[in-house]
Amino acid sequence: MKHIIIGTAGHVDHGKTTLVRAMTGVDTDRLKEEKERGISIELGFAPLTLPSGQRAGLVDVPGHERFIKHMLAGVAGIDLVLLVIAADEGVMPQTREHLDIVQLLNVKKGIVVITKKDLVEEDWLYLVEEEVREALKDTFLAEAPMIAVSAVTGEGLSELLHIIDRLVADVTEKAVDGKTRLPIDRVFSIAGFGTVVTGTLFSGQLKVGDPVEILPEGISTRVRTLQVHGHKVDRAVAGQRVAVNLASVETSELARGSVLLEPNYLSSSFRVDAHLELLRHLAAPLKNLARIRFHQGTKEALGRVVLLDRDELAPGESSYVQLVMEEPVVVARYDRFVIRSYSPMVTIGGGTVIDPNPPKRKRFREDVLRALATQEQGTPIELVNQHLLTTRPPIISVSLLTEKLGLQTEIIKNALRELVESGQAVLINVDGSEHAIHQQVLDNWWSEVQSLLANYHHEYPLRTGLPREELRSKKFGAVPAKTFNALLQFWEERGLVRATGRNVSLAGHQPAPQGKMAQALEHVLVRYRVGGFQPPDWSEMVQDCALSNSESEELLNYCLEQGLLVKVSEDTFFASTAIEEAKRKLTQFLKDHGAIQIGEVRDLLETSRRYVLPLMEYFDREKFTRRVGDKRVLLK
């Protein structure tokens, strides 16, 4: 069975609530003030059972101009609209504004319901119907079914229900397998249960126990219980009116306009890129930076319109814009929205969200306008290609790419597969997760890294390579560490770099001294090999070879990194050959005698205590020997 939401629309006192009560038996005017004034102020909800047995949720919206923002919250997510027009009054101002709103929100199907049929003569009813047809001729309701009814006598109600049944059969259901998203339209508390929120589930599903996130407040909570049409359920799906009992949340923390989401699905933003269209019948153009009221889902937010290609937008025209909000909003790509003027509060236009989290845009930039056009109208391949060229940092997980573009995962993967096969994109594994990067971006990165490493090797020929953290800070500061390491591994697997330990080098680089440093190295190695177990001080090498401080440091580090010298203490170094010879002699002695004292080491190596003490402490640290009292024993 489908899950359908039907909404009413129309001028105040045209009988919307009475019609809903006649069809469902539910009086949706629940507030004392509504009873006293005889008009709807807040949203009302009722379950509707159609002749076929199909069930739907019915949303009754207020018609008074003062409560248009409530009406906008109510029609968010509806599948079919009942445009209600009273036979004794005909088309009125809020009839037209409500019609503008549902049309701007891209509602596809509707029925025109002429109410209060019992109050007028047939001739008058005919004239009203003609007036209505004229008012609707350029709208999506131009060919919609029209029926006159009386909620008092019941005339026409049965036929209306059958018409609804027929239209509902053609409605496309919302995405049950999509990400969970529920714009909140009511927040209240029930004794013994705590905080409850209600709304129309736009997409996905909710189950008891599910973790959820509420934005823009940034609250993490879970679903305690669920109700659909007043009945307790374990699971609710897209297209249903849902009441959600939340754990550990106070009513004061939430409000209409908050959005209940699957964790890590959307994020809040103060900017939205959009394609905006103004209504044709406006009296004046919309100027750049005009203050407006933004309505999407159940949210109303104040903001300003930045026109990206002109200084003012004429009635009936459309333009790419950036909406800059005064408070954060939570929207997704392809969302429809409505804007109303700040004062007087009238509906002036609406459009489609193109980018829900954009950077600040510069006006009159052709590249910006082309990019927005591609985002709005491009094929999945074009959208993915452009996003990979413009996203920052320019390497993005496939899951996040899916979220950003608002497309199904399979569509994104197919587009990426084609881009990879055509050589326009590359997939890199980052800690078990596929990340995508545009080949052009990757080529530019590699060109910069190759140049940086080549210059480093030229400046420091004795070093193994550039420290990887220095490389990251210089070129990849915005890239997470895991992603950076995966990128290095990618290049290393292709034979472009060598990333060993803390350093990164070009694959063919071999540290080697040149000129003066080559001569100094030869002198150092001869002196240390000849010195054996009584090596010279490094300061002597500096003096012998006339090395500067930086040259001395470079040469010493080279000798240590290449394993030519071994550092046994802060200022004592041995030739690696001497270390191996000492190990050989000690091993033989300890196998024969079991333990050795410092004096015996001194005699064995024919050296002095000055060198023996740091040497044996080095061997202890290396787990070659172990000190027991004043002796050493063999560990290896």
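Residues numbered from 1 in each chain as written. Predicted model: local features only at pLDDT ≥ 70, side-chain atom pairs only at ≥ 80, totals over all residues. Heavy atoms only, no water.

**Q** Break down the overall build of the protein for me, citing the residues and quoting the values.
**A** Scanning the protein from N- to C-terminus turns up 19 helices and 35 strands. A compact globule built from 636 residues should have a C-alpha radius of gyration of about 26 Å, whereas the protein, at 38 Å, is more than 25% larger. Taken along the three principal axes of its C-alpha coordinates, the protein extends 125 × 55 × 40 Å. Here the protein, with 636 residues, has 51% of them falling under the buried criterion. Pairs at least 24 apart in sequence give 66% of the contacts found in the protein among residues at least 6 apart. When the accessible surface of the protein is split by element, carbon and sulfur atoms take 48% of a total near 29700 Å². (Helix = DSSP H or I, 4+ residues; strand = E, 2+ residues; numbered from the N terminus. Rg over C-alpha atoms; globule rule 2.2 N^0.38 Å. Buried < 20%, exposed > 50% of the residue type's maximum accessible area, 1.4 Å probe, protein only. Contact = heavy atoms within 4.5 Å. Areas by Shrake-Rupley, 256 points an atom, 1.4 Å probe, with all protein chains shown as cover.)

**Q** Requested: an account of the packing of aromatic side chains, with residues and values cited.
**A** Following the criterion strictly, the structure yields ten aromatic pairs and no others. Taking 5.4 Å as the distance between ring centres and 35° as the angle between the ring planes, the aromatic pair formed by Phe294 and Phe337 counts as tilted. Here the residue Phe294 occupies a position in strand β19 (residues 290-296), and Phe337 occupies one in strand β23 (residues 336-341), the gap between them amounting to 43 residues. Each ring, one from Phe476 and one from Phe484, has its centre 5.4 Å from the other, and the planes form 40°; the classification is tilted. By relative accessible area, Phe484 is classed as buried at 1%. The structure contains a cluster of three or more aromatic residues connected by ring pairs, namely Trp445, Trp446, Phe476, Phe484 and Trp491. Positioned over the ring face of Tyr460 is Arg463, at 3.8 Å from the centre of the ring. In this structure, Lys583 packs its charged tip against the face of Phe624, placed 5.6 Å from the ring centre. (Phe/Tyr/Trp six-rings, centres within 6.5 Å; stacked < 30°, edge-to-face > 60°. Lys NZ or Arg CZ within 6 Å of the ring centre and 35° of its normal.)

**Q** Describe in detail the sheet that holds strand β25 (residues 395-397), supporting the description with residues and values.
**A** In space, the three strands of this open sheet follow the order β25-β27-β26, with antiparallel pairing throughout. Every interior strand has two partners, whereas the edge strands, β25 and β26 (425-430), have only one. The average undirected angle you get between the axes of adjacent strands in this sheet is 30°. Relative to strand β27 (residues 433-438), β26 is paired through six bridges, and the arrangement is antiparallel. By the bridge assignment for β27, Ala425 is matched with His438. (Pairing = 2+ DSSP bridges. Axes fitted to C-alpha atoms, helices over the stretch in contact; angles between N-to-C directions.)

**Q** Mind laying out the pairing of strand β4 (residues 80-86), listing which residues take part and the relevant values?
**A** Summarising burial for β4: seven of the seven residues are buried, a large majority. Residue alternation in β4 divides its side chains into two sets, Leu80, Leu82, Val84 and Ala86 and Val81, Leu83 and Ile85, and both sets are buried. Bridging between strand β1 (residues 4-10) and β4 involves five bridges; their strand directions are parallel. Each residue of the ladder has a partner; that of Gly7, found in β4, is Val81. Looking at chain direction, β4 and strand β5 (residues 109-115) are connected through seven bridges and run parallel. Its bridge partner being in β5, Ala86 is matched across the sheet by Thr115. For the crossover that starts at β4, traverses helix α4 (residues 93-104) and ends in the parallel β5, the hand is right-handed. (Right-handed = clockwise from strand over helix to strand, strands pointing away.)

**Q** Which residues make up helix α15 (residues 538-545), and what values go with them?
**A** Turning to α15, its buried residues number three or more, namely Trp538, Met541 and Cys545. One face of α15 carries all of its buried residues, which in axial projection span an arc of 50°. Exposed residues lying more than 90 degrees from the buried face of α15 are Ser539 and Gln543. Positioned one or two residues after α15, Ala546 has a phi angle of 55°, which is positive. (Arc of directions from axis to C-beta.)

**Q** How would you explain the pattern of salt bridges if you had to name every residue and give the values?
**A** Pairing between side chains becomes possible if they bear opposite charge and their charged atoms approach one another. By the definition in use, this model includes 31 salt bridges. Across the salt bridge formed by Lys179 and Glu262, the nearest N and O atoms sit 3.5 Å from each other. Here the residue Lys179 occupies a position in the loop between α6 (157-168) and β7 (181-183), and Glu262 occupies one in the loop between β16 (259-261) and β17 (269-278), the gap between them amounting to 83 residues. Here the residues in one salt-bridge network are Asp273, Asp355 and Arg361, joined through shared partners. (Salt bridge = Lys/Arg side-chain N within 4 Å of Asp/Glu carboxyl O.)

**Q** Describe in detail the environment of Val132, supporting the description with residues and values.
**A** When you line up the elements, Val132 lands in helix α5 (residues 122-136). A C-alpha to C-alpha distance of 8.5 Å links Val132 and Ile85, two positions 47 residues apart in sequence. Those residues in contact with Val132 that lie beyond four places of it in its chain are Ile85, Val91, Val112, Ile114 and Met146.

**Q** Can you explain the sheet that holds strand β35 (residues 631-634)? Please cite residues and give values.
**A** Strand pairing in a sheet relies on backbone hydrogen bonds, with the paired strands running either antiparallel or parallel. Across the sheet, three strands lie side by side as β33-β35-β34; this open sheet has antiparallel pairing. In this open sheet, the two strands that pair with only one neighbour each are β33 (596-597) and β34 (625-628). With four bridges joining them, β34 and β35 adopt antiparallel strand pairing. Bridge pairing in β35 links Arg627 to Arg632. This element, helix α17 (residues 576-593), spans β33, β34 and β35 of the sheet and lies at about 95° to β35.

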